[in-house]
Amino acid sequence: MDINHRRGPRRSRAGQWAGHSARLALAGAIGLHGFVAVTAARAQGPAATSGTSADASDAGGTAEDRRDYDIPAGPLDQALIRFGREAGVLLTFPTTTTDGKHSPGLRGRHTVREGLDALLSGSGLKAMPQPNGSYLLGIDAMPVGGTRERERGDTAASLPPVTVRDRILRETATGPVVGWVAQRTATGAKADTALIDIPQSVSVITADELSARAVASVKEAVGYTAGVTPSASFDLREDLTTFRGFPFDWASFYLDGLAMPSTTYGVSTSEPYGMERIEILRGPASMLYGQSSTGGVLNMVSKRPLDIPLREVQVQMGSHDRRQVAFDLTGPIGDSDQWSYRLTGLKRRSNTSIDFVEDNRTYLAPALTWKPSAATSLTLLASLLDDDLGRSGGTSAFLPASGIALPNPNGTIARRTYGGEPSFDYYRKKQYSAGYEFRHQFDDTWQFMQNLRWRKVDLDYQTAYGLGLLASDATRRTLRRGAFGSFGHNEAVSIDSQLQARWQSAGVTHTTLVGLDVKRIALDETRYFGVDGPSLDLFAPTYGAAFALPSDPDTDQSIVTRQVGLYLQDQMRFAQRWLLTLGARWDVASQDINDRLGATRTSLTERKPSGRAGLSYQFDSGIVPYVSAATSFTPTLTPNPYGAPFKALAGRQYELGVKVQPPGSNSLYTAALFDLTQRNGLTADPDQVNHPFGQVQTGEFRSQGLELEARTNLSPSVSVIAAYTYLHARVSRSNDDNVGNAPKGIPRNTASVWTQYKQRGGPLTGLSVGLGVRYVDKRPSADAPGFYWVPSFTMLDAALGYDAGPWQFALSISNLTDKVTYDCWYARCWYGPARQIRATATVRW
């Protein structure tokens, strides 16, 4: 059944090829290599996203669709790429169709159909309109020279198709991105907004990039992003990541714009294969999200149903006996124009570079979309993520710095060494979520949106862990160990309701957003700390010692956090080039803590204002300088043994930057200077006589820096992402004798470049090669006196791919040279991941 006339009569052969062409075009747009795919976004009303079809005359365009073009003569593929961007449509085609062909260019005012005819003039190709509104790129029945190709038995359908559809895959803030360069985001404004219009630094990692780099975790995903410092340690429990120099915070991670709950040792995360994109908004974001990290937020955007069939099955094998299968299925349900589905899943069994640590995962994410009209849609989203890390605690279990970062007379501790106890250890984390996204557009001005999600994290975790070298062992080879356990769950319900208006007044165009954000997060956990377990010889480990948790827990508590936030944002464009963004929010946030061990209950309610103001100016050249200020507040979950819960941390940032997106290019370049301060930090109570373990909130932390980032397609064959970050992060006020010290694990300089080349044309068509390099400067082991420096490192990554029709074959290697890296905290260290080789075969149809 034709994708645009599912309820119409049986199609002709031409109609069947038209439907096939649309599917091929979509497949190319979201990852079938060998296609050039171009997308450009512009504002659209309900009609632009309608599921109804257009006839051939509609596809050609009306007088209102005419646009001015000035495309010079040159290679045909380059001309078509530029035309697709300037016309504001998606244009996909196999590069073998246009290899070696020339275009005379295009100047003047034209419709889409007229522009295509002019660009293809003299090429022997013709864009032929189909009844469903698409075009087939076929051999011209009477090209220059007069030979009729059809007389030799060829047909238009014998060539791979080109499809031009204004409604197919127009980039949105939650939809697929063609290639590695996104143009739109909702993370930075909650409304679907161009990236260059956000007065803060935002990075978008697309599904195409995740696939090309064979990313297996969120921490791997952000490794080539400015302003983000993933921990160098190998730790499968959580994606330890810092933003702009601020310590890792649970309040940093979001899924589809809603906060993700976590337990103390079970940070909520998600599976990259199920993500359409991963976005990082750097700096305070409380005006949009309420309680959130000072350094920024990371928002993962789930894959959603598409209304054109696409099916993918993937098999992956790799180092350490890695075995993985995955699938991604989407399309309309039956002949309906209203219903579409998506089902994404993954199953993995794998060992790792550390003895006994396994990387086993099951992931399933069904989704269903109902579009009863062009103005209304409801998408149901659910997911299950089950992590089982085998007979381990998911890490090397706290090895001593002596023998890794510091000298040891016995030499270096082997990277594969596990400091836990396999007969005792396990780590099992399950995450469940279900929710919906509802959209209704009343008219050209008003739109209502509502997102709701229930999410739960269950954790069962116990491990033997290292407490440092045994003091009584003069040989310095014995690890003192204790027993630790953490059991509990975290359950959250969040609902975010928004009313958006696009309107004009006095020459100013407004996009106004009013929202009400309500959430409740309930944490219930019990933790055990034991310090007298059997020891382990690190240089000749023998396992099997009897371990047991202490009979009494160290922590037994429940914490209920509530937040109600009302926010208002207005994006005001005036004099065509200026954009003023103003936002304000008022939150009522509370914490209720039930300490079951101490039989005490404490509570704290805070009323917090937050805001953001930004001003930008857009030049014709695509250069957009901006300045902004923003504030944040972050809950402090550290228990206070001497009274009520600590109040929230307060953040404030000033940012000056520029974003560059040259017209007609598939590139985005950004630069930002920022000054970020966090107050209400915890520091030692000056009254150590009466409060020896007390803390007061007079600490302050400051981070200033420079971020540079480039994401660009230099040509249809060459893609580059590059980033550089300079961070001057330090403790600015403290009672702990550490003023001026940088925080643990934060480097002063980081830099990265990934370059990918894909052969288009010739005998090696479909072959791609990627190479990446990451540099991380030296980092302090702690912010306290007596710290030592963890050395800098440079790491190489590589990828090799080959596309053969619907089949894709890829070989990816992370840490190409098997560089030994580690991260340390005081006298404890964790090795980084060893070289990982992954071979992947994917088939799409």
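A. Geometry of the sheet that holds strand 44 (residues 822–825). Here we have three strands laid out as an open sheet, ordered 24-45-44, and antiparallel in their pairing. Pairing within the sheet leaves two strands with one partner each, and these edge strands are strand 24 (399–400) and strand 44. Pairing geometry for strand 24 and strand 45 (residues 828–831), over two bridges, is antiparallel. Considered in strand 45, the bridge of Pro400 is made with Arg828.

B. Highlighting the environment of Asp77. For Asp77, the location among the structural elements is in helix 3 (residues 76–87). What makes Asp77 buried here is its relative accessible area of 15%. With 25 residues separating them along the chain, Asp77 and His102 place their C-alpha atoms 8.2 Å apart.

C. Summary view of the pairing of strand 38 (residues 749–758). Going residue by residue along strand 38, you find Thr750, Ser752, Trp754, Gln756 and Lys758 tucked away on one face and Asn749, Ala751, Val753, Thr755 and Tyr757 left uncovered on the opposite face. The pairing of strand 37 (residues 718–733) with strand 38 spans nine bridges and is classified as antiparallel. Directly across from Val718, in strand 38, lies its bridge partner Tyr757. In the sheet, strand 38 pairs with strand 39 (residues 767–776) via nine bridges, with the strands oriented antiparallel. From the neighbouring strand, Lys758 faces strand 39, where its bridge partner is Ser768.

D. How the structure looks around the nonpolar core. Judged by nonpolar contacts, the single largest core of 23 residues is most densely connected at Leu195, Val202, Leu281, Tyr289 and Val297. At the level of secondary structure, the elements contributing two or more residues to this core comprise strand 12 (202–206) and helix 8 (286–289). With three residues, the top contributor of residues to this core is helix 8. Among all residues touching Tyr289, those that are not within four sequence positions of it are Ala186, Thr187, Lys190, Tyr254, Gly257, Leu281, Val297, Asp517, Lys519, Gln563 and Arg585.

E. Quick look at the packing of aromatic side chains. Inspection of every chain in the model, using the stated rule, returns 23 aromatic pairs. With 4.8 Å between their ring centres and 70° between their planes, Phe246 and Phe701 make a pair best called edge-to-face. On the criterion of sequence distance, the pair formed by Phe246 in the loop between strand 14 (241–243) and strand 15 (253–255) and Phe701 in strand 36 (residues 695–713) is long-range, its members being 455 residues apart. Exposure remark for Phe246: the relative accessible area of 2% places this residue in the buried category. Geometrically, the ring pair formed by Tyr465 and Phe484 is edge-to-face, given 6.5 Å between the ring centres and 85° between the ring planes. A residue pair is termed long-range when its members are at least 10 positions apart, and Tyr465 in strand 26 (residues 446–469) and Phe484 in strand 27 (residues 478–505) qualify at 19 residues. With relative accessibility at 6%, the residue Tyr465 sits in the buried group. We classify Phe484 as buried; its relative accessible area is 4%. An aromatic cluster is built from Phe398, Tyr427, Tyr461, Tyr465, Phe484, Phe529 and Trp830, whose rings are joined through pairwise contacts. If you follow Arg244 out to its NZ or CZ, it ends over the ring of Phe674, 4.1 Å from the centre. The ring of Tyr626 has Lys659 lying over it, and the distance from NZ or CZ to the ring centre is 5.5 Å.

Criteria and cut-off values
Residues numbered from 1 in each chain as written. Predicted model: local features only at pLDDT ≥ 70, side-chain atom pairs only at ≥ 80, totals over all residues. Heavy atoms only, no water. Pairing = 2+ DSSP bridges. Helix = DSSP H or I, 4+ residues; strand = E, 2+ residues; numbered from the N terminus. Buried < 20%, exposed > 50% of the residue type's maximum accessible area, 1.4 Å probe, protein only. Core = buried A, V, L, I, M, F, W, Y, C linked by side-chain atoms within 4.5 Å. Contact = heavy atoms within 4.5 Å. Phe/Tyr/Trp six-rings, centres within 6.5 Å; stacked < 30°, edge-to-face > 60°. Lys NZ or Arg CZ within 6 Å of the ring centre and 35° of its normal.

So yeah, pure geometry; function would need other evidence.
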